[in-house]
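Chain and residue survey
Here is what each chain is made of, one letter per residue.
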Amino acid sequence: PDCPGRDPARRLLRPASSGLLGMAALGIVRVLASATAIGGLATGAAAAGALTFSTASAPAEGPTGFTMASRVFLPYNGNDGYAFGMGANEKSAFDGVEKYYYAISEQGYVNVVDWSDAANPEVKPALTIDLAGLKLTDISVCPSTGMLFVAHGASDTVSNGRVKMYSTVKRDSPAAPAFQKEVTTGAAARHDFA
């Protein structure tokens, strides 16, 4: 699939030591080393997949404060399990087109949050992907193709992992992500922007 500036399937297929997937902040996507950005970062073809900064419009004193717009708590078990230290949001991906946030938990669930109203994000338990028992290692979304990629490792650290591919949740007709296919990867499959 052609996702601007990256090929999430290819990058999920190769192991890597780290992976930054992006963030959802007030409905704005910021993905490093990709085509979408905010503030003084270059965008689209001009960025050519590189991270560049422009401080021409930045105030000389820099940021002076932070105001929280909203907060959302995620269940670690995809339903109603809320507890400190359970890894409910280990890694995440944001679909800037449909305005849904996807987060993998240590317990093997993919939580879905409706982020169309940044002041009132809402967890959508009916849209959760239940992969309980799997060791989820990474997640990525390609909004232009409507695909969600969820990587998981084997039960040991040397056997092959897998990447499961799903359709993303659509704003006009919200339904749980539909499984598309699965591919075998190397050990400890992760997403890498390098």
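Please refer to the structure higher up on the page.
Quantities reported herein were computed from a predicted structural model and do not represent experimental measurements.

Mapped onto the elements, Ser105 comes out in the loop between strand S4 (100-104) and strand S5 (109-114). Residue Ser105 is classed as buried on the basis of its relative accessible area of 1%. Residues in contact with Ser105, not counting those within four places in the same chain, are Tyr76, Gly87, Ala88 and Leu136.

Residues Tyr102, Val110, Leu131, Ile139, Leu148 and Val150 are the most contacted members of the largest nonpolar core, which totals 16 residues. Counting only elements with at least two residues in this core, the list comes to S4, S5, strand S8 (135-142) and strand S9 (147-153). The contact partners of Leu148, leaving out residues within four places of it in the chain, are Tyr102, Ile129, Ile139, Ser140, Val141, Lys164, Met165, Tyr166, Thr168 and Pro177. One finds Phe94, Tyr101, Ala118 and Val123 within the second-largest nonpolar core, a separate group that totals 9 residues.

What follows concerns unusual backbone geometry. Of note in the backbone geometry, Lys99 takes a positive phi value of approximately 65° without being a glycine. Position of Lys99 relative to the elements: it lies in the loop between strand S3 (91-95) and S4.

Burial within S4 is extensive, with 5 of its 5 residues counted as buried. Here S3 pairs with S4 via 5 bridges, running antiparallel. Bridge pairing in S4 links Phe94 to Tyr101. Strand direction decides the pairing type here: S4 and S5, joined by 5 bridges, are antiparallel. The residue of S5 that forms the bridge with Tyr100 is Asp114. In sequence, S4 turns back onto S5 through a hairpin of 4 residues, with Gly108 there showing a positive phi of about 90°.

Turning next to the sheet that holds S9. Overall, antiparallel pairing links the 4 strands, which are arranged S8-S9-S10-S11 in an open sheet. Edge strands, defined here as strands with exactly one partner in the open sheet, are S8 and strand S11 (179-184). For this sheet, the mean inter-axis angle between neighbouring strands, taken without regard to orientation, is 20°.

Right, let's talk about the pattern of salt bridges for a bit. Inspection of the entire model under this criterion finds 5 salt bridges. Of the charged contacts, one joins Asp138 and Lys91 as a salt bridge, the two residues approaching to 3.9 Å between their closest N and O atoms. Of the two residues, Asp138 is situated in strand S8 and Lys91 in strand S3; the sequence distance between them amounts to 47 residues. The closest approach of N and O atoms between Asp114 and Arg171, which form a salt bridge, is 3.0 Å. One end of the pair, Asp114, is in strand S5; the other, Arg171, is in the loop between strand S10 (162-167) and S11, with 57 residues separating them in the sequence.

Another aspect to go through is the pairing of S3. Judged by how many residues are buried, S3 sits mostly within the fold: 4 of 5 residues are covered. Between S3 and S4, which pair antiparallel one after the other, the connecting turn spans 4 residues, and Lys99 there sits at a positive phi close to 65°.

The next point concerns the packing of aromatic side chains. Within this structure, the stated rule accounts for 2 aromatic pairs. With a centroid separation of 5.5 Å and an interplanar angle of 45°, the aromatic rings of Tyr101 and Trp115 are classed as tilted. Taken together, the positions of Tyr101 in strand S4 and Trp115 in the loop between S5 and strand S6 (122-123) put the pair 14 residues apart, joining distant regions of the chain. Owing to a relative accessible area of 11%, Trp115 belongs among the buried residues under this scheme. Aromatic pair Tyr166 and Phe179: ring centres 5.6 Å apart, planes at 75°, arrangement edge-to-face. Of this pair, Tyr166 sits in strand S10 while Phe179 sits in strand S11, and the two are 13 residues apart along the sequence. Look at Tyr166 and you get buried, because its relative accessible area is 6%.

Conventions used here
- Residues numbered from 1 in each chain as written.
- Predicted model: local features only at pLDDT ≥ 70, side-chain atom pairs only at ≥ 80, totals over all residues.
- Heavy atoms only, no water.
- Helix = DSSP H or I, 4+ residues; strand = E, 2+ residues; numbered from the N terminus.
- Buried < 20%, exposed > 50% of the residue type's maximum accessible area, 1.4 Å probe, protein only.
- Contact = heavy atoms within 4.5 Å.
- Core = buried A, V, L, I, M, F, W, Y, C linked by side-chain atoms within 4.5 Å.
- Pairing = 2+ DSSP bridges.
- Axes fitted to C-alpha atoms, helices over the stretch in contact; angles between N-to-C directions.
- Salt bridge = Lys/Arg side-chain N within 4 Å of Asp/Glu carboxyl O.
- Phe/Tyr/Trp six-rings, centres within 6.5 Å; stacked < 30°, edge-to-face > 60°.

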